[in-house]
Amino acid sequence: MRISVNIDNSSTSAPLIAELTYGHNQPLGKFKKEFHIGKLYSFRGPNGCGKTTLLETLSGKRDPIHGQALFNNEDVRHLSQVSHITEISEPVFYPDMSVGEHFKLLSQHSGVDYDKIIAEWECEDFLNLPPSWLSSGQRQRLILAAHLAFPYRVYLADEPERHLDEYWVNFLIQKFREVTQADSIVICASHSPKIIAASDEVIELCDC
Ligand SMILES: Nc1ncnc2c1ncn2[C@@H]1O[C@H](COP(=O)(O)OP(=O)(O)OP(=O)(O)O)[C@@H](O)[C@H]1O
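Within any chain, residue numbers begin from 1 and follow the written order of that chain's sequence. For this predicted model, a pLDDT threshold of at least 70 governs which residues receive local features, and a threshold of 80 or more governs which side-chain atom pairs are given and counted, while totals over whole chains, interfaces and linings are taken from all residues. Side-chain figures throughout are based on the complete set of non-hydrogen atoms in the structure, without hydrogens or water.

(A) Seen up close, the site of the ligand. Whether a residue is near a molecule or strand depends on its heavy atoms: if one lies within 4 Å, it is near. Taken together, His-24, Leu-28, Pro-46, Asn-47, Gly-48, Cys-49, Gly-50, Lys-51, Thr-52, Thr-53, Glu-159 and His-191 make up the full set of residues adjacent to the ligand. N or O atoms closer than or at 3.5 Å make up a polar contact, with two conditions inside protein: a donor-capable atom paired with an acceptor-capable one, and, for residues adjacent in sequence, both atoms drawn from side chains. Contact between the ligand and His-24: a nitrogen atom at 3.4 Å from a side-chain N or O atom of the residue. Here an oxygen atom of the ligand sits 3.0 Å away from a polar atom, N or O, in the side chain of Glu-159. Taken by itself the ligand offers 640 Å² of open surface, and the protein chains cover 56% of this. Each helix corresponds to a stretch of at least 4 residues labelled H or I by DSSP, and each strand to a stretch of at least 2 residues labelled E; elements are numbered beginning at the N terminus. No other element matches helix 1 (residues 51–59), which puts 3 residues into the shell around the ligand. Residue type decides the class: Asp, Glu, Lys and Arg count as charged, Ala, Val, Leu, Ile, Met, Phe, Trp, Tyr, Cys and Pro as nonpolar, and the leftover types, Gly among them, as polar. When its residues are assigned to classes, the shell around the ligand shows 3 nonpolar, 7 polar and 2 charged. Accessible surface area values rest on a Shrake-Rupley calculation with a 1.4 Å probe, where residue burial reflects the displayed protein chains alone.

Printed below as a string of structure tokens:
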């Protein structure tokens, strides 16, 4: 079994607290951690060590084998947590809707000013196109733009650097800084040396 036990003694507020065993049919690791507002965390480790599984457990998408993750003292799996915590993973789109229609729908449901976001992430040229016509990196930008625009308290990002070139990885790090400064927590599973270097804390998940 892979074990990762992290105890953080920082005095800043820690609304997300996990003490659990994560895995699928078999446990992959034990994890104990307090996550603090304003910080960017990264999970680092080799392929298959359990980064995605742990992120999914922290988001409430996957049940822990033992223990629990709490956000503001409430289990992350409770429905009331949906508006606080988001998991950013593989981009998924409606095939029959253009990029612009996706953003309009998001705007109607969230009240977020997506015109501003579209300009910021330079998505104007894609608005009339279906997502399937975009490059992988362009699609990744859309999904990041859509998630990071909404004021969640916790962003769990699985390899957010996927398909992005250097310019957009740097831009993404800047955006992570902005959302953490706006009283959020960002936790990434990442293979990007840039994201790892920019993180306030790197949590090693290993095969040992
Ligand atoms: N649905 C599943 N059912 C059973 N086992 C799974 C399932 N999904 C993943 N696993 C296994 O769990 C282990 C951890 O997978 P996970 O995707 O969490 O690793 P990772 O660290 O995110 O890897 P990578 O760096 O390749 O993205 C792997 O051995 C994988 O085969």
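(B) Broad picture of the sheet that holds strand 7 (residues 85–88). Strands are treated as partners if at least two bridges between them are detected by DSSP. As summarised here, the arrangement of the 5 strands in space is 7-8-9-4-10, forming an open sheet in which the pairing is parallel. Edge strands, defined here as strands with exactly one partner in the open sheet, are strand 7 and strand 10 (201–204). Recorded for the sheet is a direction-independent mean angle of 15° between the axes of neighbouring strands. Strand direction decides the pairing type here: strand 4 (residues 40–44) and strand 9 (residues 185–189), joined by 4 bridges, are parallel. Considered in strand 9, the bridge of Tyr-41 is made with Ile-187. Residues count as neighbours in contact if any of their non-hydrogen atoms are within 4.5 Å of one another. An axis is simply a line fitted to the C-alpha atoms; with a helix, the fit covers only the stretch in contact. Between two such axes, the angle follows the N-to-C directions and lies from 0 to 180 degrees. Running over the sheet, helix 1 touches strand 4, strand 7, strand 8 (154–158) and strand 9 and is turned about 155° from strand 8. Lying on the sheet, helix 5 (residues 166–181) is in contact with strand 4, strand 8 and strand 9; it crosses strand 9 at an angle near 145°.

(C) Molecular detail of the pairing of strand 8. Partly exposed residues are those whose accessible area sits between 20% and 50% of the maximum for their type, while under 20% is buried and over 50% is exposed, using a 1.4 Å probe and protein chains only. Taken across its 5 residues, strand 8 has 5 buried, putting it largely inside the fold. Burial along strand 8 is two-sided: Val-154, Leu-156 and Asp-158 and Tyr-155 and Ala-157, pointing in opposite directions, are all buried. The pairing of strand 7 with strand 8 spans 4 bridges and is parallel. Note on strand 8: the bridge partner recorded for Ile-85 is Val-154. Alignment of strand 8 against strand 9, held across 5 bridges, turns out to be parallel. Each bridged residue has a counterpart across the sheet, and for Tyr-155 the counterpart in strand 9 is Val-186. Handedness of the crossover is the feature at issue here: the chain leaves strand 8, passes through helix 5, returns alongside strand 9, and the resulting connection is right-handed. A crossover gets the label right-handed when its path from the first strand over the helix to the second runs clockwise, viewed with the strands pointing away from the viewer.

Read these as geometric descriptors, not functional statements.
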